[in-house]
Amino acid sequence: MSLFRDLGKKAEKFKQQVAASTEGTYECDDCGAEMHTEYEECPECGSEAIRRTE
Ligand SMILES: [Zn+2]
């Protein structure tokens, strides 16, 4: 019985990880602006050096 409970917990954790990965956090390498969506160019300075921080 406890095995099924563990599987349920794992599935719940996995769902949370998926939800987190679709949001994510991005940061401009040039000016340090934080974004929650991936941009082609930084909305602050226009740099293309966007990197994912999480
Ligand atoms: Zn920038």
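Residues numbered from 1 in each chain as written. Predicted model: local features only at pLDDT ≥ 70, side-chain atom pairs only at ≥ 80, totals over all residues. Heavy atoms only, no water.

**Description of the pattern of salt bridges**
Logical step 1: Scanning the model with the defined rule gives 2 salt bridges in all.
Logical step 2: Here Arg 51 and Glu 27 are joined by a salt bridge, their closest N and O atoms 3.0 Å apart. In this pair, Arg 51 is assigned in strand β3 (residues 50–52) and Glu 27 in strand β1 (residues 26–28), connecting sequence segments 24 residues apart.
Logical step 3: Where Asp 29 meets Arg 51, a salt bridge forms, and the shortest distance between an N and an O atom there is 2.7 Å. Placement of Asp 29 in the loop between β1 and β2 (34–35) and of Arg 51 in strand β3 is noted, with a sequence separation of 22 residues between them.
Logical step 4: Judged by relative accessible area, Asp 29 falls into the partly exposed class, the value being 47%. (Salt bridge = Lys/Arg side-chain N within 4 Å of Asp/Glu carboxyl O. Helix = DSSP H or I, 4+ residues; strand = E, 2+ residues; numbered from the N terminus. Buried < 20%, exposed > 50% of the residue type's maximum accessible area, 1.4 Å probe, protein only.)

**Let's talk about the confidence of the model for the protein chain**
Logical step 1: Residues of the protein chain with pLDDT of at least 70 account for 81%, and the chain-wide mean is 84.
Logical step 2: Within the protein chain, the lowest mean pLDDT, 71, falls on helix α1 (residues 2–23), and the highest, 95, falls on β1. (pLDDT = per-residue confidence, 0-100.)

**Observations regarding the coordination of the zinc ion**
Logical step 1: Each protein donor to the zinc ion is listed here as Cys 28 (SG), Cys 31 (SG), Cys 42 (SG) and Cys 45 (SG); together their distances run 2.3 to 2.4 Å.
Logical step 2: Coordination at the zinc ion is tetrahedral: its 4 donor atoms span angles of 107 to 115° at the metal.
Logical step 3: The class of Cys 31 is partly exposed, set by a relative accessible area of 41%. (Donors = N, O, S within 2.8 Å, 3.2 Å for Na, K, Ca; no water. Tetrahedral: all angles 85-135°; square planar, octahedral: opposite > 155°, others 65-115°.)

**Observations regarding the nonpolar core**
Logical step 1: Tyr 26, Cys 28, Ala 33, Met 35, Cys 42 and Ile 50 form the largest nonpolar core, which has 6 residues in total.
Logical step 2: Once residues within four sequence positions are removed from consideration, Cys 42 is found in contact with Cys 28, Cys 31, Ala 33, Ser 47 and Ile 50. (Core = buried A, V, L, I, M, F, W, Y, C linked by side-chain atoms within 4.5 Å. Contact = heavy atoms within 4.5 Å.)

**As for the side chain of Thr 25**
Logical step 1: Along the polypeptide, Thr 25 turns up in the loop between α1 and β1.
Logical step 2: Those residues within four positions of Thr 25 in sequence are excluded, and the remaining contacts are Glu 34, Met 35, His 36, Arg 51, Arg 52, Thr 53 and Glu 54.

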